[in-house]
Amino acid sequence: YWMKLLPAKSYFAARLISRLTAWAGLSVLESCDAVVQCGAPVYWTDCHKAEWAEIFWRGIVRRLSKRTPVINLAAGSCYPWERIPTTLNSKDAAYIKRIYDDCQLTSVRDSKSHELLTTLGCQPHLLPCSALLAALQHPQPERTADLVFINYMTGGSHYDFDQHIDNDRWADTMREFILEARTQHDLAFICHNQAEFEAAEKLTPDIPRFWPRTSADYFTIASRGKAAVVNRMHASVGLAGLGIPSMAIGADTRMLMIENIGLPICYVKDATPELLLKTLDQLLNNRDSEHTRLLELQDQTLEQYTSALKESLTLTGTQGSQT
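Residues numbered from 1 in each chain as written. Predicted model: local features only at pLDDT ≥ 70, side-chain atom pairs only at ≥ 80, totals over all residues. Heavy atoms only, no water.

## Remarks on the overall build of the chain
Point 1. Scanning the chain from terminus to terminus reveals 11 helices and 11 strands.
Point 2. Of the roughly 15,800 Å² of accessible surface on the chain, a fraction of 52% belongs to carbon and sulfur atoms. (Helix = DSSP H or I, 4+ residues; strand = E, 2+ residues; numbered from the N terminus. Areas by Shrake-Rupley, 256 points an atom, 1.4 Å probe, with all protein chains shown as cover.)

So this is what it looks like as structure tokens:
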């Protein structure tokens, strides 16, 4: 309510009010049976300085955790690929350990998150990203897979992370890959926002582009895929939930959540047209076995999350049907 009374661009005032309401117990989460943070990077260099660190983790969670189950699911890391840490600075270590201690249950989606938490004496569950389960909400009729999907981002990732990634080189790599791949396969771009939609047109204007606006539309379109080469990590995870294998190219440790579900990854600087073509061929040659493996992994993942949640909420006397 108070935010609506602020003039536009009142950034510092908005942050101050957010902090005060969080610490004063005026958030909408106060009456919840449980609080669940699901997905997204949680661990990165100087993550203790993040905006939600003060408002959510130190303000709301630290207070509520004394009486309400707080659950941190599919937490991920986001470290530059060229600067993956083996140890944490003291402030990040204290912040990450406190988050873990304040949560009734913690699951992580990548090996780096698991490693860092383990070095702090924590015991998180290492499970596939929960987005692998998203397709279960949108069952698709049997369709003949006819497309190889491409998801393209300028520079190959959300951020450069001061790794001096050559955007033009990545664009040229993708153009050359597409030029060869289209001689053997029907290609289409699958886009997640306007920036990707426009970048795809600029890259190769005569390749069909899809930009679904709802999750139901997304999975209906995605179900036409037989394999994919993607930049956005959750394109890979979402497709995997339909049994469609992909290769993910990125610039940070979010790629490790794709590795965690057994799919190939590549740092954008190491990507070449030849490597992309070779990997696509491998995905297609193993398509049937990968389809079966990914759907079996989805079933196992659902069972593992359900089991962990039931155990955690039973310990606190909170029934799963209320959350």
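## Re the environment of Thr45
Point 1. By the secondary structure assignment, Thr45 is in the loop between β2 (41-43) and α2 (51-64).
Point 2. What makes Thr45 partly exposed here is its relative accessible area of 47%.
Point 3. Note: C-alpha distance between Thr45 and Tyr79 (34 residues apart in sequence) is 6.7 Å. (Buried < 20%, exposed > 50% of the residue type's maximum accessible area, 1.4 Å probe, protein only.)

## Some remarks on the packing of α2 against helix α3 (residues 90-102)
Point 1. Between α2 and α3, whose axes approach to 10 Å, the crossing angle comes to 35°. Regarding α2 and α3, the two cross each other, and that crossing is left-handed. Where α2 approaches α3, its residues Trp52, Ala53, Trp57, Arg58, Val61 and Arg62 are matched on the opposing element by Tyr95, Arg98, Ile99 and Asp102.
Point 2. Residue composition of the contact of α2 with α3, grouped by class: 6 nonpolar, no polar and 4 charged. (Axes fitted to C-alpha atoms, helices over the stretch in contact; angles between N-to-C directions. Left-handed = near helix turned anticlockwise from the far one by under 90°. Contact = heavy atoms within 4.5 Å. Nonpolar A, V, L, I, M, F, W, Y, C, P; charged D, E, K, R; others polar.)

## Points about the pattern of salt bridges
Point 1. In this structure the tally under the stated criterion is 16 salt bridges.
Point 2. Where Arg58 meets Glu54, a salt bridge forms, and the shortest distance between an N and an O atom there is 3.2 Å. Of this pair, Arg58 and Glu54 both sit in helix α2, 4 residues apart, which is roughly one turn of that helix.
Point 3. For Glu290, the salt bridge goes to Arg293, with nearest N and O atoms at 2.7 Å. In this pair, Glu290 and Arg293 are both assigned in helix α11 (residues 287-316), 3 residues apart and thus about one turn of the helix distant.
Point 4. On the accessibility criterion, Arg293 (28% relative accessible area) is partly exposed.
Point 5. Within this structure, Glu30, Arg63 and Arg67 form a network of salt bridges that share partners. (Salt bridge = Lys/Arg side-chain N within 4 Å of Asp/Glu carboxyl O.)

## Some points on the state of the cysteines
Point 1. By the definition in use, this model includes 0 disulfides.
Point 2. We note that Cys129 lacks a disulfide partner, and the nearest cysteine sulfur, in Cys38, lies 7.2 Å from it. (Disulfide = S-S within 2.5 Å.)

## Topic: the packing of helix α5 (residues 167-181) against helix α10 (residues 273-285)
Point 1. Viewed as axis vectors pointing N to C, α5 and α10 meet at an angle of 45°, and their least axial separation amounts to 8 Å. Considered as vectors, α5 and α10 are oriented oblique to each other. As α5 packs across α10, the resulting crossing turns out to be right-handed. Here α5 contributes Trp170, Thr173, Met174, Glu176, Phe177, Glu180 and Ala181 to the contact with α10, which in turn contributes Pro273, Glu274, Leu276, Leu277 and Leu280.
Point 2. Along the lines of polarity and charge, the residues of the contact of α5 with α10 split into 8 nonpolar, 1 polar and 3 charged. (Parallel < 35°, antiparallel > 145°, perpendicular 65-115°, else oblique.)

## Brief notes about the packing of aromatic side chains
For any pair of aromatic rings, geometry is given as the distance between the ring centres together with the angle between the planes.
Point 1. Enumeration over the complete set of coordinates arrives at 7 aromatic pairs.
Point 2. Here Phe149 and Phe210 contribute two aromatic rings whose centre-to-centre distance is 6.5 Å and whose plane-to-plane angle is 80°, an arrangement assigned as edge-to-face. Taken together, the residues Phe149 in strand β6 (residues 147-151) and Phe210 in strand β8 (residues 209-210) connect sequence positions 61 residues apart.
Point 3. The class of Phe210 is partly exposed, set by a relative accessible area of 22%.
Point 4. In this structure an aromatic cluster arises from ring pairing among Trp52, Phe56 and Trp57.
Point 5. Lying across the ring of Phe197, Arg209 places its NZ or CZ 3.9 Å from the centre.
Point 6. The aromatic ring of Trp211 is capped on one face by Arg213, whose charged end is 3.5 Å from the ring centroid. (Phe/Tyr/Trp six-rings, centres within 6.5 Å; stacked < 30°, edge-to-face > 60°. Lys NZ or Arg CZ within 6 Å of the ring centre and 35° of its normal.)

## Quick look at the nonpolar core
Point 1. Phe177, Phe189 and Ile249 are the most contacted members of the largest nonpolar core, which has 59 residues in total.
Point 2. The element best represented in this core is α5, accounting for 6 residues.
Point 3. With residues up to four places along the chain from it excluded, the contact list for Phe177 reads Ile150, Val229, Pro273, Leu276, Leu277 and Leu280.
Point 4. Ranked by size, the runner-up nonpolar core spans 24 residues in total, among them Trp57, Val61, Tyr95 and Leu117. (Core = buried A, V, L, I, M, F, W, Y, C linked by side-chain atoms within 4.5 Å.)

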